[in-house]
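Structural overview
Listed below, chain by chain, are the residues.
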Amino acid sequence: MAGILAWFWNERFWLPHNVTWADLKNTEEATFPQAEDLYLAFPVAFCIFMVRLIFERFIAKPCAIALNIQASGPQIAQPNAILEKVFTAITKHPDEKRLEGLSKQLDWDVRSIQRWFRQRRNQEKPSTLTRFCESMWRFSFYLYVFSYGVRFLKQTPWLWNTRHCWYNYPYQPLTADLHYYYILELSFYWSLMVSQFTDIKRKDFGIMFLHHLATIFLITFSYVNNMARVGTLVLCLHDSADALLEAAKMANYAKFQKMCDLLFVMFAMVFITTRLGIFPLWVLNTTLFESWEIVGPYPSWWVFNLLLLLLQGLNCFWSYMIVKIACKAVSKGKVSKDDRSDIESSSEDEDSEPPGKKPHTSTTTNGTSGTNGYLLTGPCSMDD
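Residues numbered from 1 in each chain as written. Predicted model: local features only at pLDDT ≥ 70, side-chain atom pairs only at ≥ 80, totals over all residues. Heavy atoms only, no water.

As for the overall build of the protein
In terms of regular secondary structure, the protein is built from 14 helices and 0 strands. When the helices and strands of the protein are listed from N to C terminus, the series reads α-α-α-α-α-α-α-α-α-α-α-α-α-α. In the protein, buried positions account for 48% of the 384 residues. The contacts of the protein with a sequence gap of at least 6 include a subset with a gap of at least 24, amounting to 82%. With an accessible surface of roughly 19100 Å², the protein has 65% of that area assigned to carbon and sulfur atoms. (Helix = DSSP H or I, 4+ residues; strand = E, 2+ residues; numbered from the N terminus. Buried < 20%, exposed > 50% of the residue type's maximum accessible area, 1.4 Å probe, protein only. Contact = heavy atoms within 4.5 Å. Areas by Shrake-Rupley, 256 points an atom, 1.4 Å probe, with all protein chains shown as cover.)

The following block contains the structure:
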């Protein structure tokens, strides 16, 4: 085990040339990031999870009720042992051949069986009230952490001149504010790793799980090799659009259509501007070029920049999805069932048209035009 740890913490990988871990030990004059500091994220993540439960129960839920958001779920499917067995043990989406067999077995018409399966699938979907509470919690946290990040960064020299991220690197002392910011962000993503299994499940569950894992790795990696200054820029920049997204979703659940549309436009503008403009031109510029000039490359430098480039690839993908959703909303003014996440779609799906038959209206699922419903697709499930 000692040999494995010595190999993993090899100074020639983690640190620049002629720097050792002994050089970065805490002293009375200065405190530096230590790997063991990150253990604090686990109890803090548990506390965040408990605060969330209290917040949703005693703050978010009363707000939802005050906005007349109903707690009732979708219509309950008629109890049927045969269909229930097929649903739980075989398939939730029976094909035409199986539908015909069940029709003969139960003496039901095929459409009634299709409706039963739609209603049964919808039973597993959370109510609008549950979704509102989840979005309100995320909105509150994102708004707080982004506000804290802005307040903290505007007092730092590296916000105004990114070359300060690398001056005297890696001998940059760890301040209490920076430590709190990092631990809070890391703890939140650890709490998401756990709560993702109990939250509203979406089609991009696997992608988001990998995203949270990569985010945790990136935060941990930048803390251990003391790239925390540039790390704070990445965190604050990527938090900037999240509160707007959750606010748009809350407006959608409360059926405030005009507010929903406005917030979605604001979210799209901020998201694309920060992640396709500011991030590559400001953050990647300093991590790739200014750091090369001031510090020079070393093994963990390559890994860190590779992770940031991977993050930028995800930013490009999600920006494409946002533009696609916005264009579709403007051109068609409606939402097709296939475009929505199964679990985020409205409970009115139970009364949707049968497969192969196109809707006869140009309104959204909720009966209104605009971006409503599109907010429930890909980008709405982002936590980045």
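Once the structure has been displayed, the description carries forward.
Things to note about the pattern of salt bridges
Counted according to the given criterion, the structure contains 6 salt bridges. In this structure, the salt-bridge partner of E293 is R163, at a minimum N-O distance of 3.0 Å. In this pair, E293 sits in helix α13 (residues 257-294) while R163 sits in the loop between α8 (157-160) and α9 (176-195), placing the two residues 130 residues apart along the sequence. (Salt bridge = Lys/Arg side-chain N within 4 Å of Asp/Glu carboxyl O.)

So, the UniProt feature "transmembrane region" (unreviewed entry) in the protein
Mapped onto the present numbering, the UniProt feature "transmembrane region" (unreviewed entry) falls at residues 38-55, 180-198, 205-224, 260-282 and 302-323. Taken end to end, residues 180-198 is 84% helix and 0% strand, and its two terminal C-alpha atoms sit 27 Å from one another. The span residues 260-282 carries 100% helix and 0% strand; its end-to-end C-alpha distance comes to 31 Å. (UniProt positions renumbered as here; feature names shortened; annotations may be inferred.)

Re unusual backbone geometry
A cis geometry characterises the amide bond from Y169 onward to P170, with omega recorded as 5 degrees. Here P170 is to be found in the loop between α8 and α9. The backbone of N68 shows a phi angle near 65 degrees, a positive value even though the residue is not glycine. Judged by relative accessible area, N68 falls into the exposed class, the value being 63%. Phi is positive for D107, which is not a glycine, with a value near 60 degrees. Tracing the sequence through the fold places D107 in the loop between α5 (96-106) and α6 (110-123).

Quick look at the packing of aromatic side chains
Applying the stated criterion across every chain yields a total of 30 aromatic pairs. Aromatic pair F267 and F271: ring centres 5.6 Å apart, planes at 50 degrees, arrangement tilted. With F267 and F271 both in helix α13 and 4 residues apart, this pair spans about one turn of that helix. For the pair shown, F267 and F271 are each scored as buried. Where W292 meets W302, the ring centres are 5.9 Å apart and the plane angle is 90 degrees; that geometry is what we call edge-to-face. Of this pair, W292 sits in helix α13 while W302 sits in helix α14 (residues 299-332); the two residues are 10 residues apart in sequence, bridging distant segments of the chain. Judged by its relative accessible area of 45%, W292 falls in the partly exposed class. Grouped by ring-pair contacts, the aromatic residues F8, W9, F13, W14, W21, F217 and F221 constitute a single cluster. Over the ring of F58 we find R57; its NZ or CZ atom is 5.2 Å from the centre of that ring. (Phe/Tyr/Trp six-rings, centres within 6.5 Å; stacked < 30°, edge-to-face > 60°. Lys NZ or Arg CZ within 6 Å of the ring centre and 35° of its normal.)

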